Amino acid sequence: MDFGFSEQQGEVQALARQILSEQVTPEKLASFDEFKAERFDRDLWRQLAEAGLLGVAMDETYGGMGFGFTELALFVEELGRSIAPVPAIPSLVSAALPIQRFGTTKQKEQWLPGVANGSTLLTAALLEPGGEKPENPVRTTVTVEGDNYRLSGVKTCVPFARSADRILLAARYEVGVIVVLLDPAAAGVSIQEMQYTTFEPQYEVRLDEVLVAAADVLAEPAEGAEVMAWLTERTTAALCAHQLGVSDQSMRMTASYTSERKQFGVAIATFQAVGHRAANCFIDVECLRLNVYQAVSLLDSESEATTEVQIAKVWAGDVGHRVSYASQHLHGGTGIDRDYPLWRFCLWARHNELMLGGSARQLADLGQRIAAGEAYCS
Amino acid sequence: MKVEFTPQQIELREQLRAYFGKLMTPELSAECARDMGEGGGPLWRDALRQMGRDGWIGLGWPEELGGKGMSPIEQFIFVEEIMRAGYPFPFLTTESVGPQLAEHGNDWQKSELVPKILNGDLLISIGYSEAGAGTDLAALTTTAVKDGDEWVINGQKMWTSLAHFCDYTWLAVRTDPDAPKKHQGISLFLVPNDAPGWSCSPVNTLGGVRTNTTYYDNIRVSDKHLVGELNGGWKLITGQLNRERLSLVNVGPTSALFNKVVDWARETELASGGTVINQPWVQMNLARVRTGIEALKLVCYKQAWAMTEGTLNMADASAAKVYGSEFFIEAYRLLGEILGQASLVKSESESGQVLSGRLERLYRTASIITFGGGTNEIQRDIISAAGLWMPRASR
Ligand SMILES: Cc1cc2nc3c(=O)[nH]c(=O)nc-3n(C[C@H](O)[C@H](O)[C@H](O)COP(=O)(O)OP(=O)(O)OC[C@H]3O[C@@H](n4cnc5c(N)ncnc54)[C@H](O)[C@@H]3O)c2cc1C
């Protein structure tokens, strides 16, 4: 039993925190509000690449640091703490990790070094309209023509689809699911911009008989669903880590603000009703933190972690929600004033809460597993 | 970071589970149930002495004081297993007052009383609270006044649990009424529960748990009954309460209860067909409880780990206490809903009871630790001050 960070983990956290706290200023964030510019700070991305952070969980053979998922999640937590405008979860977690784990040597050589040095951007299309289970695509289908595959269908809320070099995407085959690395510039791909609550660039991606070469297939029908489940668990855990950063930062902002702000001649933090609501946030964030770290460390060692990831996501949804509204409330009007930084954290708390399933859906899934005898307490 | 037990810790857990499995005979279980999980009966006493002989008392005490010198995380495993087994272990005596006595006691206390505690032969009740001194404990008014070589003790204590079968009371009294701050004039005495002038009357509570009002009427004790320094009682009190908190919220019994409810719901058929667990709302309640238990487990383990490392943060300790005590209430409610009205049939009932009537009792006793052991309001004050550096109002 060890809840401490290794030296290496502490260093990753400190390095990320240092770069992000310097670079992600409120002015910088404001420059992307209301879609004024694509919400992607490419200078920052380059700096993170130079610091080695984009390849933190990538093998040294491909230009990475060779660390594990824990270090990557700690980096993502810091991205949440700063709500940095970079595509880390789609590129590093949802796409690069499965390529490293399941890809051919050729695919790894083709994509991973670029991801680590920041020159390649990957993303993943996990969602379909009305279909929220990435391992079970229904609206995207595939037919086989000799060595080639033809894909048709639709994916929604695909982040960075337009600027990505490849989109990891699953399609239903007669039996099973195949996973491909789609070139967004391929004939038959149409990309329609969406206006998403966080201002992150997201797109609906339509596929009309799009030809995908065998070299771009990441998983054949027999393995596809498993690969999607694998990357979904990791993406879910990463969203939880991001939520941890978002919530912790919102709470700390609230603690400082209420310690400064005076009413009736005293700091409002001295009112017990204020202090106790903040204390509830502290308890919530601690519960989230421990569940996230547990899920992450199990995934890092490739242990069975379905229950722990589901539970972490319930906490991420509930805690994100509660801390967001407690923070807004305890700030009074300032909490929602767009000249004060809190409001953007509220947008991301909502995104992290709902992406890949809110609390009710996670609980329903967990409940089914409990009923099947798969989630007893040890 | 690794959130798993070491092989040695797993072995300790298995050893303990097997040990308590044998110790808890059906007769002893029945006696404990009759005594409302408080202990005090003859079989309970025998079992305690047996544990003393087998070396299971004083786990957390330093070895030089006659204990086992186990780390907090090992103690935590012990607490978890003994609670799981359902033996009402006298933690207050053995794990919180005992080590304080062994460390700060005088020669008589160390040579006479401490060995008896380790043998399971001596039990101590705690006398802090009074009618006018609850959360504001330092407001206590029971006094000890020096008269020649002796101290004369007068006053009345509320909620002196277990006093009716304990040998001594660990009693907080005012010895300096003129101290500049009220907590500076408090001392601790060990008062024999059979001293002339000592008496007690029962206070019965919602959960059926008996506690007591205790009366101190011109009780005379010598200096050897004073623990630690004169007027230095406050530090002993807070030290004892901090140790007590470790055993207040523990995940073991709730995990075991959850598993039993799952089994019950999987096996039990509905009159209308299908099993109880086929109903989506049942799965939802179970999933909520499972989610809460996971956090409780992690919060407790982290606390024990931090104590072992010597890095326990006050805010984390308070967070564990608040979260655990409030979660228990929620868990009993959600699990009770699954069993339905059957969860209200008492354990003594000849028919109709489910899971030995445990939930019927638990929902009635659940509130004690939201205010006991340092009320959750004060814990939240500590969290916002020590965890978030927020200023607080002066009191
Ligand atoms: C079954 C049982 C067993 C017990 N065993 C023992 C024992 O063995 N020995 C012993 O000494 N005591 C014992 N106690 C007493 C227990 O420790 C007290 O009940 C506890 O300290 C609370 O004190 P009180 O009941 O006087 O409540 P009060 O202090 O009157 O509190 C009532 C309410 O007011 C709130 N409150 C008080 N002060 C503040 C504040 N500053 N800010 C915000 N809210 C506040 C509290 O949180 C609580 O909700 C026991 C109690 C019970 C019920």
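The residue count restarts for each chain, going from 1 along the sequence in the order it is written. As they are written, the chains are lettered A onward and the ligands numbered 1 onward, keeping that order. With pLDDT at 70 or above as the cut-off, local features in this predicted model cover only qualifying residues; side-chain atom pairs require 80 or more to be listed or tallied, and sums for whole chains, interfaces and linings still use all residues. Calculation of side-chain values draws on the structure's entire complement of heavy atoms; hydrogens and water are dropped beforehand.

The next thing to look at is the overall build of chain B. In terms of helices and strands, chain B carries 13 helices and eight strands. For 395 residues, the compact-globule estimate of 2.2 N^0.38 gives 21 Å, and the C-alpha radius of gyration of chain B, at 22 Å, lies within 12% of that figure. Counting only C-alpha atoms, chain B reaches 80 × 50 × 40 Å along its principal axes. Relative to all contacts within chain B whose residues are 6 or more apart in sequence, the contacts with residues 24 or more apart total 70%. Only the protein chains shown count as cover for residues, with accessible areas throughout obtained via the Shrake-Rupley method and a probe of 1.4 Å. When the accessible surface of chain B is summed, it comes to about 17000 Å², and 52% of that surface belongs to carbon and sulfur atoms. Just so you know, the count uses Lys and Arg for positive and Asp and Glu for negative, and it drops His and the chain ends. To locate a charge, take NZ of a lysine, CZ of an arginine, CG of an aspartate or CD of a glutamate. For chain B, the distance from the average position of its 38 positive side-chain charges to the average position of its 46 negative side-chain charges is 4 Å. What counts as a helix is a DSSP run of H or I of at least four residues, what counts as a strand is a run of E of at least two, and both are numbered from the N terminus. Values of the radius of gyration come from C-alpha atoms, whereas the globule rule sets the reference at 2.2 Å times the count of residues to the power 0.38. The criterion used for residue contact is that any of the two residues' heavy atoms lie within 4.5 Å.

Residues and elements named next belong to chain A. Annotation of chain A at the domain level lists domain 1 (7-120), domain 2 (124-219) and domain 3 (224-371). Either an automatic procedure or a domain database provided the assignment from which the domain bounds are taken. Each of domain 2 and domain 3 has a C-alpha centre, and the two are 30 Å apart. On the side of domain 3, 17 residues touch domain 2, which itself brings 17 residues to the contact. In total, domain 2 and domain 3 occlude about 1400 Å² of area from one another, counting both sides; carbon and sulfur atoms represent 71% of this. Buried area counts how much accessible surface, traced with a 1.4 Å probe, disappears from two parts once they are put together, with both parts' losses summed.

Turning next to empty space enclosed by the protein. Residue and element names in this part refer to chain A. A pocket, in this scheme, is an open set of points on a 1 Å grid over the protein atoms alone with protein on both sides within 12 Å along at least 5 of 7 lines, while a cavity is a set where a 1.4 Å probe fits but cannot get out; residues line either one if an atom lies within 4 Å of a point. Grid points are joined across faces, edges and corners, and a volume is the space filled by probe spheres set on the points. Per the counting criterion, the structure on display carries five cavities of 30 Å³ or more. There is about 210 Å³ of room inside the largest cavity. Taken together, 19 residues line the largest cavity, and the ones lying closest to its centre are Ile89, Pro90, Glu200, Trp348 and His351. Of all the secondary-structure elements, those providing two or more residues to the lining of the largest cavity are α4 (69-82), α5 (88-102), α7 (221-260) and α10 (342-354).

With that settled, the discussion passes to the interface of chain A and chain B. Put simply, an interface is often sized by how much accessible area is lost when its parts join up. With 51 residues of chain A at the contact, the number on the chain B side is 52 residues. Taken together, the two surfaces of chain A and chain B that pack against each other cover about 4600 Å², and 66% of this comes from carbon and sulfur. The term salt bridge refers to a pairing of a side-chain nitrogen on Lys or Arg with a carboxyl oxygen on Asp or Glu at a separation within 4 Å. Counting across the chain A and chain B interface gives one salt bridge. The residue Lys302 of chain B makes a salt bridge to Glu286 of chain A at a minimum N-O spacing of 2.8 Å. Think of a polar contact as two N or O atoms within 3.5 Å of one another; within protein, one of them needs to be a possible hydrogen donor and the other a possible acceptor, and neighboring residues in sequence only count if both atoms come from side chains. Our enumeration of links across chain A and chain B arrives at 18 residue pairs in polar contact (both at pLDDT 80 or more). Broken down by element, the residue count for the side of chain A that touches chain B peaks at 17 residues, all from helix α8 (residues 272-300) of chain A. Residue classes in the side of chain A that touches chain B are distributed as 29 nonpolar, 18 polar and four charged. Residues were grouped as follows: Ala, Val, Leu, Ile, Met, Phe, Trp, Tyr, Cys and Pro as nonpolar; Asp, Glu, Lys and Arg as charged; and all remaining residues, including Gly, as polar.

Residue and element names in this part refer to chain B. Structurally, chain B comprises domain 1 (7-89), domain 2 (126-232) and domain 3 (249-387). Here the C-alpha centroids of domain 1 and domain 3 sit 21 Å apart. At the junction of the two partners, domain 1 supplies eleven residues and domain 3 supplies 14 residues. Of the roughly 1100 Å² buried at the junction of domain 1 and domain 3 (both faces included), carbon and sulfur atoms supply 67%. At the junction of domain 1 and domain 3, the tally comes to zero salt bridges. Summed over the shared surface of domain 1 and domain 3, the number is two residue pairs in polar contact (both at pLDDT 80 or more).

What follows concerns helix α11 (residues 358-365) of chain B. Under the scheme applied here, a residue whose accessible area is under 20% of the maximum for its type counts as buried, over 50% as exposed, and between as partly exposed, the area being computed with a 1.4 Å probe on protein chains only. Turning to α11 of chain B, its buried residues number three or more, namely Leu359, Glu360, Leu362, Arg364 and Thr365 of chain B. Where α11 of chain B is buried, its residues meet α8 (252-267), α10 (314-339) and α12 (368-371) of chain B.

Residues and elements named next belong to chain B. Counting buried residues in strand β4 (residues 168-174) gives seven out of seven residues, a clear majority hidden from the surface. Across the two faces of β4 the burial is the same, with Tyr168, Trp170, Ala172 and Arg174 and Thr169, Leu171 and Val173 all buried. Here, strands pair whenever DSSP counts at least two bridges between them. Bridge analysis of strand β1 (residues 124-127) against β4 gives four bridges, and the strand direction is parallel. Bridge pairing in β4 links Ser125 to Thr169. Two elements, β4 and strand β5 (residues 186-192), share seven bridges in a ladder whose sense is antiparallel.

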